[in-house]
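# Coordinate analysis (summary)
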Amino acid sequence: EAVLSLVQEFDNPAAVIVKHTNPCGVAIGDSLKEAYQRALAADEVSAYGGIVGLNRRIDKDTAEELVKIFLEAVIAPSVDADALEVLAAKPNLRVLECGEMNGAPGGFDLKKVSGGFLVQENDTGYVPPAEWKVVTEQKPSEKDLEELAFAWKVVKHVKSNAIVVTKDNVTLGVGAGQMNRVGSAEIA
């Protein structure tokens, strides 16, 4: 779910690598293969044994990149037959086809609590950069706004005291799960 909910945020070819429900590598690219390569390069150490989400059909070129390291699972809308052959040769790799992705999923999120459960609406909110209010003297460029929009989509999916550092639509550092933001910033 952590992979799916994040990868669906992007319109461009995107790859998300998650470890322990937090993204460790996220990138968009001109192709799915490029997006995956960029996401992997963001944190190759943490990606080992991770789960990869892709928002496009997996082709053979992308599949050949995916099998270069140990991954627990790969999820994408669909998989080409020749790509499935490549992926099937990798022992213990789970390949899930989720069908068409239509943006951030709506609906409800259920959390188990002692003696019951919590039901809340999924956070599907997104305010496009054109609607942002700039309150600083220095105004961000269009490229800055694009980068901030990418980072905003990622940080929404990082757990607790989230800090995300990005450059060129690739995560450079993710700080998560710390008891304070200083610790998260240092990790990122």
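So, a few notes on the structure that sits alongside this text. Along every chain, residues carry numbers that run from 1 in the direction the sequence is written. It should be noted that, the model being predicted, local features are given only for residues of pLDDT at least 70 and side-chain atom pairs only at 80 or more, the latter also being counted only at that level, while totals for whole chains, interfaces and linings use all residues. Hydrogens and waters are ignored; side-chain quantities use all the structure's heavy atoms.

Mapped onto the elements, M179 comes out in the loop between β9 (170-175) and α7 (181-187). Residues M179 and N161 lie 18 residues apart in sequence; the distance between their C-alpha atoms is 7.2 Å. Helix and strand assignments come from DSSP, with helices taken as H or I runs of at least 4 residues and strands as E runs of at least 2, each series counted from the N terminus.

Below, the discussion takes up the state of the cysteines. Cysteine sulfur atoms that come within 2.5 Å of each other are treated as a disulfide pair. For the structure shown, the criterion picks out zero disulfides. Of all cysteine sulfurs, the one in C98 lies closest to C24, which takes part in no disulfide; the gap is 19 Å.

In this scheme, a residue with accessible area under 20% of its type's maximum is buried, one over 50% is exposed, and one in between is partly exposed, where area comes from a 1.4 Å probe on protein chains only. Among the six residues in strand β4 (residues 71-76), five count as buried, and that is most of the element. In terms of strand pairing, strand β3 (residues 50-54) meets β4 through four bridges, oriented parallel. The residue bridging G50 from the neighbouring strand is L71, located in β4. The definition of a right-handed crossover adopted here requires that, viewed with the strands pointing away, the path from the first strand over the helix to the second runs clockwise. Handedness of the crossover joining β4 and strand β5 (residues 94-97) through helix α5 (residues 81-88) is recorded here as right-handed. Each pair of strands is called paired provided DSSP finds at least two bridges between the two strands.

As a further point, take helix α2 (residues 32-42). Since there are 3.6 residues in each turn of an α-helix, residues three or four apart along the chain are aligned in direction. For α2, the full list of buried residues reads L32, A35, Y36, A39, L40 and A42. The buried side chains of α2 occupy one side of the element, clustering within an arc of 150 degrees when seen end-on. In this description, the arc belongs to the directions extending from the helix axis to the C-beta atoms.

It is worth spelling out the environment of N12 at this point. Looking at where N12 falls in the secondary structure, it is placed in the loop between α1 (2-7) and β1 (14-19). Setting aside residues up to four positions removed in sequence, N12 forms contacts with I28, G29, N55 and R56. Contacts: residue pairs with any heavy atoms within 4.5 Å of one another.

Below, the discussion takes up the side chain of N169. Looking at the element boundaries, N169 is found in the loop between β8 (163-167) and β9. Take N169: its relative accessible area is 9%, and that puts it in the buried class. Within 3.5 Å is the distance limit for a polar contact, defined as a pair of N or O atoms, with the added protein rule that one can donate a hydrogen and the other accept it, and that residues adjacent in sequence qualify only through two side-chain atoms. In this structure the side chain of N169 is engaged in a polar contact, spanning 2.8 Å, whose partner is the side chain of E146. Excluding anything up to four places from it in sequence, N169 contacts V26, A27, I28, R38, E146, E147 and F150.

What a helix is expected to span follows from its residue count: subtract one and scale by 1.5 Å. Relative to the 20 Å expected for 14 residues at 1.5 Å per residue, helix α6 (residues 142-155) spans 20 Å between its end C-alpha atoms, a close match to the ideal helical length. Taken as a whole, α6 has its buried residues at L145, E147, A149, F150, A151, K153 and V154. Contact partners of the buried residues in α6: α1, β2 (22-28), β8 and β9.

Considering soluble globular proteins, one finds that nonpolar side chains tend to be buried as a cluster. Y36, L54, I58 and L66 are the most contacted members of the largest nonpolar core, which totals 26 residues. If you list the elements that add at least two residues to this core, you get β1, β2, α2, β3, α4 (60-66), β4 and α5. Residues contacting Y36, with those up to four places away along its chain left out, are A15, I17, V52, L54, E65, L66, I69 and L71. If you look at the next biggest cluster of nonpolar residues, it comprises 18 residues, including F10, V26, I28 and I75. For this analysis, a nonpolar core means a set of buried residues of the types Ala, Val, Leu, Ile, Met, Phe, Trp, Tyr and Cys, connected via side-chain atoms within 4.5 Å.

Moving on, we get to a negative patch on the surface. Each patch is assembled from residues with relative accessible area greater than 30% and no salt bridge, linking like charges that lie within 9 Å and nonpolar side chains (Val, Leu, Ile, Met, Phe, Trp, Tyr) that lie within 5 Å. Surface accessibility in these figures is a Shrake-Rupley result with a 1.4 Å probe; residues are shielded only by whichever protein chains are displayed. Take a side-chain nitrogen of Lys or Arg and a carboxyl oxygen of Asp or Glu: if they are within 4 Å of each other, that pair is a salt bridge. A positive count includes Lys and Arg, and a negative count includes Asp and Glu. His and the chain ends are not counted in either. For this purpose, a charge sits on NZ of Lys, CZ of Arg, CG of Asp or CD of Glu. The grouping of D61, E64, D82 and E85 at the surface amounts to a negative patch. Elements that contribute at least two residues to the negative patch include exactly α4 and α5. A relative accessible area of 38% places D82 in the partly exposed class.

The next point concerns unusual backbone geometry. In this structure, H20 takes a positive phi of about 55 degrees despite not being glycine. Position of H20 relative to the elements: it lies in the loop between β1 and β2. Non-glycine residue S160 carries a positive phi angle of around 60 degrees. Mapping S160 onto the fold places it in the loop between α6 and β8.

What the rule picks out here adds up to six salt bridges. K68 is the salt-bridge partner of E65, the closest N and O atoms lying 3.0 Å from each other. Assessed through its relative accessible area of 14%, E65 is described here as buried. A salt bridge links R94 to E72, with the shortest nitrogen-to-oxygen separation between them at 3.0 Å.

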